[in-house]
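This is what each chain is made of:
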Amino acid sequence: NEFDPDKTGPGSENQDTFTPDTVDLQMVKGATYDSATDTVEYTLTVNNREASGGTASTGFTVTDQLDLTNAIDFTGITTVTFSIDGGTSFDVTVGGPAVNGVTVSATGLVTWANTSVLAAAASTDLTFTVNVKDNATTLTNTADVTGNEFDPDKTGPGSENQDTFTPDTVDL
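Residues numbered from 1 in each chain as written. Predicted model: local features only at pLDDT ≥ 70, side-chain atom pairs only at ≥ 80, totals over all residues. Heavy atoms only, no water.

In this section: the overall build of the protein chain. Scanning the protein chain for helices and strands turns up zero helices and 11 strands. Reading the helices (α) and strands (β) of the protein chain from amino to carboxyl end gives β-β-β-β-β-β-β-β-β-β-β. Looking at the protein chain as a whole, 34% of its 172 residues qualify as buried. Here the contacts in the protein chain between residues at least 6 apart in sequence split such that 66% fall between residues at least 24 apart. Carbon and sulfur atoms provide 47% of the accessible area of the protein chain, an area that totals close to 9,600 Å². (Helix = DSSP H or I, 4+ residues; strand = E, 2+ residues; numbered from the N terminus. Buried < 20%, exposed > 50% of the residue type's maximum accessible area, 1.4 Å probe, protein only. Contact = heavy atoms within 4.5 Å. Areas by Shrake-Rupley, 256 points an atom, 1.4 Å probe, with all protein chains shown as cover.)

Listed below in structure tokens is the structure:
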């Protein structure tokens, strides 16, 4: 424990400096109501807004809390059918284990833990359909995206990453 009169050289101070990887993710949510089947199809799109050649996302988690109180009918529902990027459909058991990173809780929380790399300037989407209650008049829904990397820009619906995004309501 000696006195150091020159604290200007490298290693003379205990300070860690680092620049974290940053990825600007954007959540875009669409909803289409089908009156013939009384269902709503949701599409949750995650965009990596980094310029081409920029930083890829090493993964992200999307959460989407469905409105079971006022709009969505889970009565008798044991599975929800999903597809990723328009690929083959797969069923997820309500309250069951994850399938392709997707879970659905009995309270209507949809979670998509995507561990795939999302290249700069690329996007990916998750699509699913749910039943609408007979007495529903307006459906409002919120989805969030959280990336593995630091997101420096979390402002503006639709133009930047929106950590809580409430899309236009579906007037039934």
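Relative to the helices and strands, Asp64 is located in strand β3 (residues 60–65). Judged by its relative accessible area of 0%, Asp64 falls in the buried class. Not counting residues up to four positions away in its chain, the partners in contact with Asp64 are Lys29, Leu44, Gly108, Leu109, Val110, Phe128, Asn141, Thr142 and Ala143.

Quick look at the sheet that holds β3 now. Note on sheets: strands pair through backbone hydrogen bonds, and any given pair is parallel or antiparallel. On the basis of which strands lie adjacent, the open sheet formed by four strands has the order β6-β7-β3-β10 and antiparallel pairing. Every other strand in the sheet has two partners, leaving β6 (102–104) and β10 (142–147) as the edge strands with one partner each. Across this sheet, the average inter-strand angle for adjacent strands is 10 degrees, counted without regard to direction. Where β3 meets β10, six bridges bridge the pair, whose relative direction is antiparallel. (Pairing = 2+ DSSP bridges. Axes fitted to C-alpha atoms, helices over the stretch in contact; angles between N-to-C directions.)

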